[in-house]
Amino acid sequence: MARRSKAETSIRAVVADKREAILRAAIKVFASKGYFNSKVADIAGEAGIADGTVYLYFKSKDEILHSIFDRAMADFIAEGKRELAEITDPAEKLKRIAELHLERLGADRDLAIVFQVELRGSTKFMQEFSAAGFGEYLEIIRGTIADGQKSGDFRTDIKAITAAKLYYGALDEMVTNWILSKRTYPLAPMAVEVLKVFFGGMRDK
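Undergrad: Help me out: how do you make sense of the overall build of the chain in this one?
TA: A count of helical and extended segments in the chain gives ten helices and zero strands. Scanning the chain from its N terminus toward the C terminus, one meets helices and strands in the order α-α-α-α-α-α-α-α-α-α. Within the span of the chain, comprising 205 residues, buried residues form 40% of the whole. A total of about 12000 Å² of accessible surface is found on the chain, and carbon and sulfur atoms cover 55% of it.

Rendered as C-alpha cells:
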C-alpha cells in the first residue's frame, strides 16, 4: 500500500506540473496573440509538448481559459481570506484587498492582460465568469463594507453591494490603464489613489 501511495503521489505531481506548464503557456500565448487568434497548437508549442498532450489535460481552448480564471481567482480569494482574517478594522481590510488586487496582477502582466482583455471578449465568457469566482470576490468586498456600516465606520445611506461594485470597478480600471499605458510604472502603489477617492471623495474639506 505504501508503494502505491507513493506512486499515486508521484503521478499526481506529474499531472499538476504538466497542467501548470500548459496554463502558463496559455497565459503567455493568449496575452501576446489574443484568445480568439490563438490555437491549441500555439499553446503546445510554447509549453514544449505535442498538441495531443494538451487534450489529455483539457478538453478545449475554452476549458483552458476557464481554468486560468478559476485557478487565479481561487488562489487570490484563498490568500485574501487568510490575510483578512488577521484584520479587524473594515477600512484596513478594504486597503489590503486593494493592495492584494494590484500587487498580484501587477506582478504578472500577461495574466493581467488575459483578465482585463481576453476574458471580456464575449458576453458568454463574461456571464460565466461573473457567476463563478468573481461573485465570491465581490461578496468579500460587500461583506467588508457591510461590516463597516454596522460598526459605524462607514456611512449607511449607500447600498453595500453598490459600493462594492464601485470599489472593484476602480481597481479594475487601474489595471486596465496600466496594461494599456505606454509608460512603465508600478501598479501596486495605485491602491493608495483608489483609497483616497473611495474614503475621502472629491470634496476639499
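Undergrad: What's the story with the packing of helix α5 (residues 90-106) against helix α8 (residues 133-151) in this structure? I'm lost.
TA: When two helices pack together, their arrangement is given by the angle between the helix axes and by the axis-to-axis distance. Orientation of α5 relative to α8, taken along the N-to-C sense of each, is 160°, at an axis distance of 9 Å. Overall, the two elements α5 and α8 adopt an arrangement that is roughly antiparallel. Of the two elements, α5 crosses α8, and the hand of that crossing is left-handed. Between α5, through P90, K93, L94, I97 and H101, and α8, the contact on the second element is made entirely by Y137, I140, I141, T144, I145, D147, G148 and S151.

Undergrad: What is the right way to read the packing of aromatic side chains from this model?
TA: How two aromatic rings sit relative to each other is given by the distance of their centres and the angle of their planes. Overall, the coordinates contain nine aromatic pairs when judged by the stated rule. For the pair Y35 and F36, a centre-to-centre distance of 5.0 Å together with 80° between the ring planes defines the contact as edge-to-face. An angle of 55° between the planes, with centres 4.6 Å apart, marks the rings of Y167 and F198 as tilted. Of the two residues, Y167 is situated in helix α9 (residues 160-180) and F198 in helix α10 (residues 190-200); the sequence distance between them amounts to 31 residues. Overall, F198 belongs to the partly exposed group, its relative accessible area being 31%. Here the basic side chain of K61 rests over the ring of Y35, its NZ or CZ set 4.4 Å away from the ring centre. We note R109 situated over the ring of W178; from NZ or CZ to the ring centre the distance is 4.6 Å.

Undergrad: Can you help me understand the side chain of E99 in this one?
TA: Tracing the chain through its elements places E99 in helix α5. Accessibility expressed as a relative area gives 18% for E99, which makes it buried. Engagement of the side chain of E99 in a polar contact is seen with the side chain of R96, the distance being 2.9 Å.

Undergrad: Which parts of the structure should I look at to understand the packing of helix α6 (residues 109-116) against α9?
TA: Between α6 and α9, whose axes approach to 10 Å, the crossing angle comes to 120°. Handedness of the α6/α9 crossing: left-handed. In this structure, α6 contributes R109, A112, I113 and Q116 to the contact, and α9 contributes D172, V175, T176, W178 and I179. Here the contact of α6 with α9 is built from residues that sort into five nonpolar, two polar and two charged.

Undergrad: What is the right way to look at the side chain of T176 in this model?
TA: Secondary-structure assignment places T176 in helix α9. Overall, T176 belongs to the buried group, its relative accessible area being 17%. Within the local environment of T176, its side chain forms a polar contact with the side chain of Q116, the two groups lying 2.8 Å apart.

Undergrad: Would you mind showing me how to read α10 here?
TA: Working note: α-helix, 3.6 residues per turn, so residues spaced by three or four point in the same direction. Among all positions of α10, only A191, V194 and L195 are buried. With its buried residues spanning 100° around the axis, α10 presents them on a single face. Packing partners of the buried residues in α10 comprise α5 and α9.

Undergrad: Which parts of the structure should I look at to understand the environment of Y167?
TA: The class of Y167 is buried, set by a relative accessible area of 0%. Each C-alpha atom of the pair Y167 and V197 lies 9.9 Å from the other, and the pair is 30 residues apart in sequence. Once you skip the residues sitting within four places of it in the chain, Y167 turns out to touch L94, K95, I97, A98, I141, V194, L195 and F198.

Undergrad: Help me understand the nonpolar core in this model?
TA: Generally speaking, a soluble globular protein has its nonpolar side chains buried in company with each other. Ranked by internal contacts, the top residues of the largest apolar core, which has 59 residues, are F30, I64, I68, Y137, I141 and Y167. Excluding residues within four positions of it along the chain, F30 makes contact with Y35, S38, I43, K61, I64, L65, I68, V114 and E118.

Criteria and cut-off values
Residues numbered from 1 in each chain as written. Predicted model: local features only at pLDDT ≥ 70, side-chain atom pairs only at ≥ 80, totals over all residues. Heavy atoms only, no water. Helix = DSSP H or I, 4+ residues; strand = E, 2+ residues; numbered from the N terminus. Buried < 20%, exposed > 50% of the residue type's maximum accessible area, 1.4 Å probe, protein only. Areas by Shrake-Rupley, 256 points an atom, 1.4 Å probe, with all protein chains shown as cover. Axes fitted to C-alpha atoms, helices over the stretch in contact; angles between N-to-C directions. Parallel < 35°, antiparallel > 145°, perpendicular 65-115°, else oblique. Left-handed = near helix turned anticlockwise from the far one by under 90°. Contact = heavy atoms within 4.5 Å. Phe/Tyr/Trp six-rings, centres within 6.5 Å; stacked < 30°, edge-to-face > 60°. Lys NZ or Arg CZ within 6 Å of the ring centre and 35° of its normal. Polar contact = N/O pair within 3.5 Å; in protein donor to acceptor, adjacent residues only side chain to side chain. Nonpolar A, V, L, I, M, F, W, Y, C, P; charged D, E, K, R; others polar. Arc of directions from axis to C-beta. Core = buried A, V, L, I, M, F, W, Y, C linked by side-chain atoms within 4.5 Å.

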